[in-house]
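These are the residues of each chain, in order.
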Amino acid sequence: MIKINYDVVGMIQTNCYLLEDEATGKRAVIDPGDHSDALIAEIDKRGGTLDYLLLTHGHYDHVIGAAELCDRYHPVVCAAEAEMELLRSGIYNRSSVHNIRINAFNVDRLLHDGDIIELGESEITFILTPGHTAGSGCYLVDDCIFSGDTIFCESIGRTDFETSSPRDMVKSVARIKAIEGDRAIYPGHGMFSTLDHERKYNPFMQ
């Protein structure tokens, strides 16, 4: 089972998640959108180790804090292979547009649809959900979906950026809607939700 902590970071209020496998204490951070004293304090309190850094996509507001965590804890950094062009381009990841510097970090594992990340005794499944960006993805673990900027509470991510695709977003939203049962949804920004709530109230799932 996974224990979840989070902090809201950066100028665009990104949800940054800390996951811990309760059986083994193995930890992962999803979307380090900026420096977070609270996040670092929580990791250090739990032993000062971080095993994975998982990116839902490469926009600057989801990766600014990655280099700091890599320097401090040396986690395995994971992102979709389809997102590498965006991660390398200041125009595509929007950092140059906002005159923001992203300190360099390496992606250690290139993810493809259906890949599984073993976090202790927990299995995290990556599903590719392009639309917001070409390599956007969601992480599924236990009864949770970490949806990045694909699904928000009663909304979806923008599709007017470089590498965005409205057509792909429609397919990705339909894929998430088709996941069996109900799950908690932890988005990249804003309020948490559930899959059943989104099926009922999200106009893009109708």
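Every value quoted in this text rests on a predicted model; they were computed, and no experiment measured them. (Residues numbered from 1 in each chain as written. Predicted model: local features only at pLDDT ≥ 70, side-chain atom pairs only at ≥ 80, totals over all residues. Heavy atoms only, no water.)

Caption draft 1: Spotlight on the sheet that holds strand 10 (residues 144–148). Read across the open sheet, the six strands follow the order 7-8-9-10-13-14; overall the sheet is mixed. The outermost strands of the open sheet, each flanked by one partner alone, are strand 7 (116–119) and strand 14 (193–194). Where strand 9 (residues 137–141) meets strand 10, three bridges bridge the pair, whose relative direction is antiparallel. Within strand 10, the position partnered with leucine 140 by the bridge is isoleucine 145. (Pairing = 2+ DSSP bridges. Helix = DSSP H or I, 4+ residues; strand = E, 2+ residues; numbered from the N terminus.)

Caption draft 2: Expanded view of the sheet that holds strand 1 (residues 2–9). Pairing is mixed across the open sheet formed by six strands, whose spatial order is 1-2-3-4-5-6. Where the open sheet ends on each side, the last strands, each with one partner, are strand 1 and strand 6 (109–111). For this sheet, the mean inter-axis angle between neighbouring strands, taken without regard to orientation, is 20 degrees. Inspection of the sheet shows strand 4 (residues 52–54) paired to strand 5 (residues 76–80) by three bridges, in the parallel sense. Across the sheet, leucine 54 pairs through a bridge with cysteine 78, a residue of strand 5. Against the sheet, helix 1 (residues 37–45) engages strand 1, strand 2 (14–21) and strand 3 (27–30), with an angle of about 5 degrees to strand 2. (Axes fitted to C-alpha atoms, helices over the stretch in contact; angles between N-to-C directions. Contact = heavy atoms within 4.5 Å.)

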